[in-house]
Amino acid sequence: MSLKSKGFSKKLRLTKPCEFKKVKDAGKYVSSRMFILSFCANSSDQPRLGLVVSSIIKRAVDRNRIKRLVREHFRNNLNSYPKSDIIFVAKQRAEKATNEEIFKDIETLLEKTK
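Quick caveat: nothing in here was measured; it's all calculated off a predicted structure. (Residues numbered from 1 in each chain as written. Predicted model: local features only at pLDDT ≥ 70, side-chain atom pairs only at ≥ 80, totals over all residues. Heavy atoms only, no water.)

Participant: How should helix α2 (residues 60-76) be read in this particular structure?
Facilitator: Owing to its 3.6 residues per turn, the α-helix aligns residues three or four sequence positions apart on the same side. When the terminal C-alpha atoms of α2 are compared, their 24 Å separation across 17 residues agrees well with the 24 Å that a helix rising 1.5 Å per residue should span. The complete set of buried residues in α2 reads Asp62, Arg63, Arg65, Ile66, Leu69, Val70, His73 and Phe74. Structurally, α2 contributes buried residues whose contacts are with β2 (35-41), β3 (48-52), β4 (84-90) and α3 (99-112). (Helix = DSSP H or I, 4+ residues; strand = E, 2+ residues; numbered from the N terminus. Expected span 1.5 Å × (residues − 1). Buried < 20%, exposed > 50% of the residue type's maximum accessible area, 1.4 Å probe, protein only. Contact = heavy atoms within 4.5 Å.)

Participant: Looking at this structure, I do not really get the packing of aromatic side chains. What am I missing?
Facilitator: To describe a pair of aromatic rings, one takes the distance between the centres and the angle between the planes. A complete count under the given rule lists two aromatic pairs for this structure. Here Phe35 and Phe88 contribute two aromatic rings whose centre-to-centre distance is 5.6 Å and whose plane-to-plane angle is 85°, an arrangement assigned as edge-to-face. Placement of Phe35 in strand β2 and of Phe88 in strand β4 is noted, with a sequence separation of 53 residues between them. Look at Phe35 and you get buried, because its relative accessible area is 1%. According to the relative accessible area criterion, Phe88 is buried, its value standing at 1%. Ring plane angle 70° and centroid distance 4.9 Å describe the contact between Phe74 and Tyr81, whose orientation is recorded as edge-to-face. Accessibility assignment for this pair places Phe74 and Tyr81 in one class, buried. (Phe/Tyr/Trp six-rings, centres within 6.5 Å; stacked < 30°, edge-to-face > 60°.)

See the structure below:
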């Protein structure tokens with residue numbers, strides 16, 4: 001698989017505030033130790049990802065690490081995600097978690113969506 005196909009293209013992202021609002025208003029929620037996952041059916045044939053990592057996680061380096069890990073999981077496991085618009089909201093516990101713990105928590109959330 002080429003590096004180009006591993007990218008995170010615009011068609012796989014939620015970018016507009018109205019898209020986030022639609023998921024928030026019409027979507028379903030599941031929760032775990034480190035994340036809240038909101039999801040709502042979309043008209044596309046593939047999932048789209050949105051991230052919310054607020055300043056309750058104090059350091060920017062920690063916020064960016066969490067976003068990077070969620071995006072990496074999304075790119076590498078695209079077929080295991082529901083064909084929906086998906087928003088991950090990070091909780092403060094994610095700040096101190098290891099990479100493996102974050103990946104495991106994401107897997108737990110995905111099981112709850114089925």
